[in-house]
Amino acid sequence: AAAPAPAVTAQAAQAAAPVVGEGNGGLERVTLTHEASQQEVEIYSYGAAVVSWKVRNDPIFFISSVAKWDKTKAIRAGIPICWPQFGPYGDLGVHGFARDSQWTIRSTETLEDGSSAAVFGLTSDDAPWGDYKYDAEYTVTLSNSGLETAFKVKNTGDKPFKFTMSFHNYFQVSGVENVRIYGLESLKVTDRMQNDKEGVEEDTGGVGKIVEKETDSIYADAPEELAIFDISSMRIVKIKKTPSLSDATLWNPFGSEGADPGWKNFVCVEPAVIKNPVEVAPGEEWLGAQLLGTE
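Residue numbers here run from 1 along each chain, matching the order of that chain's written sequence. Given that the model is predicted, a residue must reach a pLDDT of at least 70 before its local features are reported, and side-chain atom pairs must reach 80 or more before they are shown or counted; all residues, however, enter totals for whole chains, interfaces and linings. As a rule here, side-chain values cover all heavy atoms of the structure and leave hydrogens and water aside.

Q: For the layout of surface pockets, give the residues involved together with the corresponding values.
A: Throughout, the protein atoms alone are placed on a 1 Å grid, and a set of points is a cavity if a 1.4 Å probe fits but cannot get out or a pocket if it is open with protein on both sides within 12 Å along at least five of seven lines; lining residues have an atom within 4 Å of a point. Grid points are joined across faces, edges and corners, and a volume is the space filled by probe spheres set on the points. Taken as a whole, the largest pocket holds about 520 Å³ of empty space. Lining the largest pocket are 28 residues, with His95, Arg99, His168, Tyr170 and Trp251 sitting closest to its centre. Numbering of helices and strands runs from the N terminus, with a helix taken as a DSSP run of H or I at least four residues long and a strand as a DSSP run of E at least two residues long. Those elements that place two or more of their residues in the lining of the largest pocket are β16 (215–219), β19 (247–252) and β20 (266–280). The element that contributes the greatest number of residues to the lining of the largest pocket is β19, accounting for three residues. Throughout, the ten residues Ala, Val, Leu, Ile, Met, Phe, Trp, Tyr, Cys and Pro are labelled nonpolar, Asp, Glu, Lys and Arg are labelled charged, and all others, Gly among them, are labelled polar. A class-by-class count of the residues in the lining of the largest pocket yields 14 nonpolar, six polar and eight charged. The computed volume of the second largest pocket comes to approximately 440 Å³. If you trace the second largest pocket, you find 23 residues lining it, with Asp191, Glu201, Lys209, Lys213 and Tyr219 closest to the centre. By residue class, the composition of the lining of the second largest pocket is seven nonpolar, six polar and ten charged.

Below is the structure:
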């Protein structure tokens with residue numbers, strides 16, 4: 001007689017071990033799956049780049065057709081990490097160096113509740129930043145709740161440093177004209193298309209923000225929850241962010257010179273801290289995280 005099958009808990013049944021392998025261009029890639037909710041995420045250790053997130057085989061993130069997979073520049077897809085500088089606001093190159101540095105896989109694990117996680121690390125030995133010493137750790141977790149990305153940085157040196165950052169989320173959409181963004185109404189807004197002109201976002205009476213032209217805006221003191229509704233696909237993406245990410249940005253190049261050829265099919269809505277740079281004293285650490293869900 002055949003031996004009885006071992007008892008399997010519900011959590012264990014939905015858990016699949018993270019897989020480390022090769023992705024595009026032969027680059028090191030970690031794949032996380034959460035079988036119970038039919039989610040899959042791909043993260044490249046170059047840039048600690050969350051490149052792909054699929055829910056029931058439906059891609060949530062935009063992956064550019066002209067993305068580079070040879071380490072010559074940051075991968076234009078998913079969630080590039082803009083750190084320790086957002087945009088041109090500082091002495092470094094645009095959006096800092098985290099997104100085009102080689103990170104190390106520190107660990108991968110399947111948790112008791114069936115969640116799957118990977119942890120990546122970057123230090124000042126890997127990517128020097130002037131005289132500053134730091135240890136950055138990026139944890140990506142896939143669970144019943146969705147996709148969580150958590151960025152933690154510790155000051156391991158003897159002098160304080162300041163930074164700005166964002167999770168540069170590229171969301172795949174059926175067409176940018178079909179997108180409505182909620183949570184930005186009545187916020188203070190800095191319009192980067194008009195030399196950082198300050199203003200207040202209009203209250204649309206529940207219609208949501210519509211992108212109708214080249215848009216590059218920073219919203220101060222954004223709420224902890226934002227939402228993107230695609231009226232064509234009927235998909236809603238919800239963004240929950242920690243209070244430490246006090247701002248949010250909205251970007252789409254709308255076909256401007258040099259725009260990605262796929263610009264009609266993405267919108268970037270980014271939890272960020274920009275208006276009031278973070279200062280981290282020696283020995284201290286800072287954490288910023290977001291939880292993305294879809295329905």
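Now that the structure has been shown, the text picks up again.
Q: Quick rundown of the pattern of salt bridges? Include the residues and the values.
A: Definition used for salt bridges: Asp or Glu carboxyl oxygen within 4 Å of a side-chain nitrogen of Lys or Arg. Considering all chains together, one arrives at eleven salt bridges under this definition. A salt bridge links Asp135 to Arg106; its shortest N-O distance comes to 3.0 Å. Note that Asp135 is positioned in strand β9 (residues 134–143) and Arg106 in strand β7 (residues 104–110), a separation of 29 residues in sequence. Between buried and exposed lies partly exposed: a residue is buried under 20% and exposed over 50% of the maximum accessible area for its type, with that area taken using a 1.4 Å probe on protein chains only. For Asp135, a relative accessible area of 24% puts it in the partly exposed group. For Glu198, the salt bridge goes to Lys275, with nearest N and O atoms at 3.4 Å. Highlighted residues: Glu198 in strand β15 (residues 197–200) and Lys275 in strand β20, separated in sequence by 77 residues.

Q: Explain the side chain of Gln290 to me, and be specific about the residues and the numbers.
A: Within the element layout of this structure, Gln290 appears in strand β21 (residues 285–294). Here a polar contact means two N or O atoms within 3.5 Å. Within protein one must be a hydrogen donor candidate and the other an acceptor candidate, and residues neighboring in sequence count only if both atoms are side-chain atoms. Reaching out from Gln290, the side chain makes a polar contact with the side chain of Asn169 at a distance of 2.9 Å. The contact definition used throughout considers only heavy atoms, calling two residues in contact when any of these lie within 4.5 Å. Those residues in contact with Gln290 that lie beyond four places of it in its chain are Ile79, Leu147, Glu148, Thr149, Phe167, Asn169, Ile239, Lys240, Lys241 and Pro271.

Q: Give a detailed account of the environment of Arg192, specifying residues and quantitative values.
A: On the secondary structure map, Arg192 appears in the loop between β14 (188–191) and β15. Take Arg192: its relative accessible area is 23%, and that puts it in the partly exposed class. Note: C-alpha distance between Arg192 and Asp230 (38 residues apart in sequence) is 25 Å. Ignoring any residue separated from it by four or fewer positions in sequence, one finds Arg192 in contact with Phe86, Gly87, Pro88, Tyr89, Asp216 and Ile218. A polar atom in the side chain of Arg192 sits 3.2 Å from the side chain of Tyr89.

Q: Before we move on, can you summarise the packing of aromatic side chains with the specific residues and values?
A: Centres within 6.5 Å make a pair out of two Phe, Tyr or Trp rings, where for Trp the six-membered ring is used; the pair is then stacked when the planes are under 30 degrees apart, edge-to-face when over 60, and tilted otherwise. In this structure the tally under the stated criterion is 24 aromatic pairs. The interplanar angle of 45 degrees and the centroid separation of 6.4 Å between the aromatic rings of Phe161 and Phe163 together place this pair among those described as tilted. In this structure, Phe161 and Phe163 share a single accessibility class: buried. On the numbers, 5.0 Å between centres and 45 degrees between planes, the contact of Phe254 with Trp263 is tilted.

Note that all results are geometric; they support no functional claim without further evidence.
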